[in-house]
Amino acid sequence: MRPSPPPVRPRKSPLAPGRPQIGPALWTTAALIALIWVQEIVDLFGFGGRLDSYGIEPRVPGTFWHVLTAPFLHYGFPHLIANTVPLAVLAFMSAVRGVGRFLAVTLVVAVVGGGLVWLLGRGGSVHLGASELIFGYLAYLLGVGWWERTPAAIGVAVVAAVLYGSIIWGVLPGNPAVSWESHLFGFLAGLLAAALLHGRRPKRLSNGLKV
């Protein structure tokens, strides 16, 4: 009699919810905050603020690549201080799901959101600041709650909405000194990232496993 083959375990989908990665999320968030603070200190005391010229300049030829630098630049310490806490909180909440996925979200928000600012933003202006990432991470967390609809994802989305849901009004034109375009397009890019990474819900088998 031939021995029965071992049971085939279904392969877990990379989109299925995993265990929270609190330690890596803390280190990643700390590195992000350290990066923008060190950059601003070097810019102000070493370059006299000249690095701000690497913000997004809508439709200026040869500057599209500034979408990769603009989210990490700030107009001085008051601007940076205002962005530090919401950036740290929302970045940590996003990175808990996995550092690799967090980096993918950051790239989508920077390239897609920043690209739309470059294409459609007000001309004759320079758009920079971590608020693009803040709005992107908020939208990502809300989008994950919508797409996955698991208790954990919904709970995180609710917490994010309670803490920072009021900033959504920042996507509307208001203060001419504020880049509402970065807010709007960062938010839309965050929703896109959630759809790309979580849009296909894992299928549930008859035995309760997910694939």
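Scroll up for the structure.
Here is a short report on the structure shown in this document. Think of each chain on its own: its residues are numbered from 1, step by step along the sequence as written. Residue-level local features of this predicted model are given only where pLDDT is at least 70; pairs of side-chain atoms are given and counted only at 80 or more, and the full residue set underlies all totals for whole chains, interfaces and linings. The side-chain values count all of the structure's non-hydrogen atoms but skip hydrogen atoms and water molecules.

### Remarks on the overall build of the chain
Note the cut-off: For helices the rule is a DSSP run of H or I covering at least 4 residues; for strands it is a run of E covering at least 2, with both sets numbered from the N terminus onward. Contacts are residue-level and defined by heavy atoms, with any inter-residue pair within 4.5 Å sufficient. Per-residue accessibility takes into account occlusion by the displayed protein chains alone, with areas from the Shrake-Rupley method and a 1.4 Å probe.
Counting its regular elements, the chain contains six helices and zero strands. The linear arrangement of helices and strands in the chain, starting from the amino end, is α-α-α-α-α-α. Summarising the internal contacts of the chain: among those between residues at least 6 apart in sequence, 79% fall at separations of at least 24. As displayed, the chain has an accessible area near 11500 Å², and 72% of this comes from carbon and sulfur atoms.

### Comments concerning the nonpolar core
Spelled out, the test is: Grouping buried Ala, Val, Leu, Ile, Met, Phe, Trp, Tyr and Cys residues that are joined through side-chain atoms within 4.5 Å yields what is termed a nonpolar core. Each residue is assigned to one of three classes by its accessible area relative to the maximum for its type, calculated with a 1.4 Å probe on protein chains only: buried under 20%, partly exposed between the two thresholds, exposed over 50%.
Counting 29 residues, the largest nonpolar core has L87, L90, Y137 and Y140 as its most contacted members. Of all the secondary-structure elements, those providing two or more residues to this core are helix 1 (22-46), helix 2 (77-95), helix 3 (99-120), helix 4 (131-148), helix 5 (151-164) and helix 6 (180-198). With seven residues, the single largest contributor to this core is helix 4. Not counting the four nearest positions on each side in its chain, L87 is found in contact with L32, I33, I36, A130, L133, I134 and Y137. Counting residues in each nonpolar core, the second largest holds eight residues, with V67, A70, L73 and F185 among its members.

### Details of the pattern of salt bridges
This is how it is decided: By definition here, a salt bridge exists when the distance from a side-chain nitrogen of Lys or Arg to a carboxyl oxygen of Asp or Glu is within 4 Å.
Under the defined criterion, the tally for this structure stands at two salt bridges. Across the pair E148 and R97 runs a salt bridge whose closest N-O atoms are separated by 2.6 Å. Separated by 51 residues along the polypeptide, E148 in helix 4 and R97 in the loop between helix 2 and helix 3 bring together distant segments of the chain. A relative accessible area of 10% means that E148 is categorised as buried. Of the residues examined, R97 reaches a relative accessible area of 25% and is grouped as partly exposed.

### Things to note about the environment of L133
The residue L133 is located in helix 4 in this model. Once the C-alpha coordinates of L133 and V108 are considered, the two residues, 25 residues apart in sequence, prove to be 9.9 Å apart.

### Remarks on a nonpolar patch on the surface
Basically, it comes down to this: Patch construction takes residues with relative accessible area above 30% that form no salt bridge. Like charges are linked within 9 Å, and nonpolar side chains (Val, Leu, Ile, Met, Phe, Trp, Tyr) are linked within 5 Å.
Together, L68, L107, V111, V112, L192 and L196 make up an exposed nonpolar region whose accessible area comes to about 480 Å². Only helix 3 and helix 6 provide two or more residues apiece to the nonpolar patch. Per-element tally for the nonpolar patch: the top contributor is helix 3, with three residues. Counting through the fold element by element, L107 comes out in helix 3.

### Concerning the packing of aromatic side chains
Defined as follows: Note on aromatic pairs: the rings of Phe, Tyr and Trp (six-membered ring only in Trp) are paired at centre separations within 6.5 Å, and the planes decide the class, stacked below 30 degrees, edge-to-face beyond 60, tilted for the rest.
Applying the stated criterion to the full structure yields five aromatic pairs. Ring plane angle 55° and centroid distance 5.7 Å describe the contact between Y54 and W65, whose orientation is recorded as tilted. Of this pair, Y54 sits in the loop between helix 1 and helix 2 while W65 sits in the loop between helix 1 and helix 2, and the two are 11 residues apart along the sequence. By relative accessible area, which is 45% here, W65 ends up partly exposed. Aromatic rings pair up to connect W37, F45 and F77 into one cluster.

### Concerning the packing of helix 3 against helix 6
Note the following rule: Helix axes use the C-alpha atoms of the stretch in contact, all axes being lines fitted to C-alpha atoms, and the angles between their N-to-C directions lie in the range 0 to 180 degrees. Throughout this description, any angle smaller than 35 degrees is read as roughly parallel, any larger than 145 degrees as roughly antiparallel, any in the 65 to 115 degree range as roughly perpendicular, and the remainder as oblique. Two helices that cross are described as forming a left-handed crossing if the nearer one is turned anticlockwise from the farther one by less than a right angle, and a right-handed crossing if clockwise.
At their nearest, the axes of helix 3 and helix 6 sit 8 Å apart, and the two run at 140° to each other. As judged from the angle between their axes, helix 3 and helix 6 are oblique. In terms of crossing hand, the pair formed by helix 3 and helix 6 is right-handed. Contacts from R101, A104, V105, V108, V109, V112, G113, L116, V117 and L120 of helix 3 reach helix 6 at E181, S182, F185, G186, A189, G190, L192, A193, L197 and H198.

### Here's the deal with the packing of helix 3 against helix 4
Formally: When residues are sorted by character, Ala, Val, Leu, Ile, Met, Phe, Trp, Tyr, Cys and Pro go into the nonpolar class, Asp, Glu, Lys and Arg into the charged class, and all the rest, Gly among them, into the polar class.
Between helix 3 and helix 4, whose axes approach to 10 Å, the crossing angle comes to 120°. By the criterion of interaxial angle, the relationship of helix 3 to helix 4 is oblique. You can see that helix 3 and helix 4 cross each other, and the crossing is right-handed. Two secondary-structure elements touch here, helix 3 through R101, F102, V105, T106, V109, A110, G113 and G114 and helix 4 through E132, L133, G136, Y137 and Y140. Classifying every residue of the contact of helix 3 with helix 4 gives seven nonpolar, four polar and two charged.

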